[in-house]
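Each chain, letter by letter, is given below.
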Amino acid sequence: MIAVDRVMFAAAQAGDGAALERLLRELQPDIRRYARRQCHKSSAIEDVVQEALIVLYRRVGTVRDPLALAGWILRMVTRLCMLPVLGLMRGVEELTERHEAEYFARLPQDELRMDLARALESLPPIYREVILLRDMEQLTISEVAARLAVTREAAKSRIHRGRVLLREYLHPQGSTGSAP
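All figures in this text were calculated on a predicted structure; none of them were measured in a lab. (Residues numbered from 1 in each chain as written. Predicted model: local features only at pLDDT ≥ 70, side-chain atom pairs only at ≥ 80, totals over all residues. Heavy atoms only, no water.)

Section: the overall build of the chain
And step 1. On a plain count of helices and strands, the chain comes out with nine helices and zero strands.
And step 2. Along its sequence from the N terminus, the chain presents helices and strands in the succession α-α-α-α-α-α-α-α-α.
And step 3. Counting only residues that meet the buried cut, the chain has 44% of its 180 residues in that class.
And step 4. Taking all contacts inside the chain whose residues are at least 6 apart in sequence as the whole, residues at least 24 apart take part in 65%.
And step 5. Put simply, the chain shows about 10,100 Å² of open surface, and 52% of that area lies on carbon and sulfur atoms. (Helix = DSSP H or I, 4+ residues; strand = E, 2+ residues; numbered from the N terminus. Buried < 20%, exposed > 50% of the residue type's maximum accessible area, 1.4 Å probe, protein only. Contact = heavy atoms within 4.5 Å. Areas by Shrake-Rupley, 256 points an atom, 1.4 Å probe, with all protein chains shown as cover.)

Quick word on the pattern of salt bridges
And step 1. Taken as a whole and assessed by the stated rule, the structure comprises eight salt bridges.
And step 2. The closest approach of N and O atoms between E26 and R22, which form a salt bridge, is 2.9 Å. Pair noted here: E26 and R22 are both in helix 2 (residues 17-38), with a separation of four residues, about one helical turn.
And step 3. Here R22 falls in the partly exposed class, since its relative accessible area comes to 39%.
And step 4. We note a salt bridge from R32 to E46, for which the minimum N-O separation is 2.8 Å. (Salt bridge = Lys/Arg side-chain N within 4 Å of Asp/Glu carboxyl O.)

Quick look at the packing of helix 7 (residues 125-136) against helix 9 (residues 152-170)
And step 1. Running from amino to carboxyl end, helix 7 crosses helix 9 at an angle of 100°, the nearest separation of the two axes being 8 Å. In terms of orientation, helix 7 lies roughly perpendicular with respect to helix 9. Counting all contacts with helix 7, which are made through I126, Y127, V130, I131, R134 and D135, the residues of helix 9 involved are A155, R158, I159, R161, G162, R163, L165 and L166.
And step 2. Looking at the contact of helix 7 with helix 9 residue by residue, the classes come out as eight nonpolar, one polar and five charged. (Axes fitted to C-alpha atoms, helices over the stretch in contact; angles between N-to-C directions. Parallel < 35°, antiparallel > 145°, perpendicular 65-115°, else oblique. Nonpolar A, V, L, I, M, F, W, Y, C, P; charged D, E, K, R; others polar.)

A short note on the nonpolar core
Side chains of nonpolar character tend, in soluble globular proteins, to be buried together.
And step 1. If you look at the biggest cluster of nonpolar residues, it comprises 31 residues, and the most contacted ones within it are L23, L27, I31, L69, I73 and V77.
And step 2. Among the secondary structure elements, those contributing two or more residues to this core are helix 1 (6-13), helix 2, helix 3 (45-59) and helix 4 (66-88).
And step 3. The leading source of residues in this core is helix 2, at eight residues.
And step 4. If near-sequence neighbours (up to four positions away) are discounted, V77 is found in contact with I31, Y34, A35, V48 and A52. (Core = buried A, V, L, I, M, F, W, Y, C linked by side-chain atoms within 4.5 Å.)

Some remarks on unusual backbone geometry
And step 1. Even without glycine at this site, A149 takes up a positive phi of about 60°.
And step 2. By the secondary structure assignment, A149 is in the loop between helix 8 (141-148) and helix 9.

Some words on the environment of Y127
And step 1. Mapped onto the fold, Y127 is located in helix 7.
And step 2. For the pair Y127 and L165, spaced 38 residues apart in the sequence, the C-alpha separation amounts to 8.7 Å.

A look at the packing of helix 8 against helix 9
And step 1. The interhelical angle for the contact between helix 8 and helix 9, taken along N-to-C directions, is 100°, at an axis separation of 8 Å. Put simply, helix 8 runs roughly perpendicular to helix 9. Each of I141, S142, V144, A145 and L148 in helix 8 lies in contact with helix 9, whose residues at this interface are R152, A155, K156, R158 and I159.

Some points on helix 2
Within an α-helix, residues lying three or four positions from one another point in the same direction, as the helix has 3.6 residues per turn.
And step 1. The end-to-end C-alpha separation of helix 2 is 30 Å, in line with the 32 Å expected for 22 residues at 1.5 Å each.
And step 2. In the structure, helix 2 departs most strongly from a straight axis at Q28, where the bend amounts to approximately 35° and where the proline P29 lies between one and four residues downstream.
And step 3. Turning to helix 2, its buried residues number three or more, namely A19, L20, L23, L24, L27, D30, I31, R32, Y34 and A35.
And step 4. A side-chain oxygen of the first residue of helix 2 lies 3.0 Å from the backbone nitrogen of A18; this N-cap is D16. (Expected span 1.5 Å × (residues − 1). Bend = angle between axes of the 7 residues up to and from the residue. Polar contact = N/O pair within 3.5 Å; in protein donor to acceptor, adjacent residues only side chain to side chain.)

Geometric values such as these leave the question of function open.
Next comes the structure, spelled out in structure tokens:
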């Protein structure tokens, strides 16, 4: 079980670089252990650990309570391990241009997974949240709208825009439909 010293956690959230480095170093074995249980492909474990540490580094200030940190990390690792599935999901795989499909088919799956993780991280929070709810948690449009307290139309619009941004991030030169 992941346990965090409250003083060190508070210092890391306040911007203390040494405390943040120590926090990351102490959490790394727990993150690795959990990734080993969650990731089906052993070659992805180190990539997932590194991505999880990067996300934790960037987002430690958004975690409200050190007791919630363990659950947050475990959900994040689970999502990172699921990214190959996310790459195959219906929304992201709705590639309208043949050259885009050929381009992604040539990429090694681990590389695509890491690119997708970075693409998701690059999204503005409003689009990242809706993509994760719809495509990772596989909620219906109505469920997404209810969770976000928006209309179905607003949820559909955000999903569409988030997917467009993901596609542009993953293949910027091919998003306009021009030949490679």
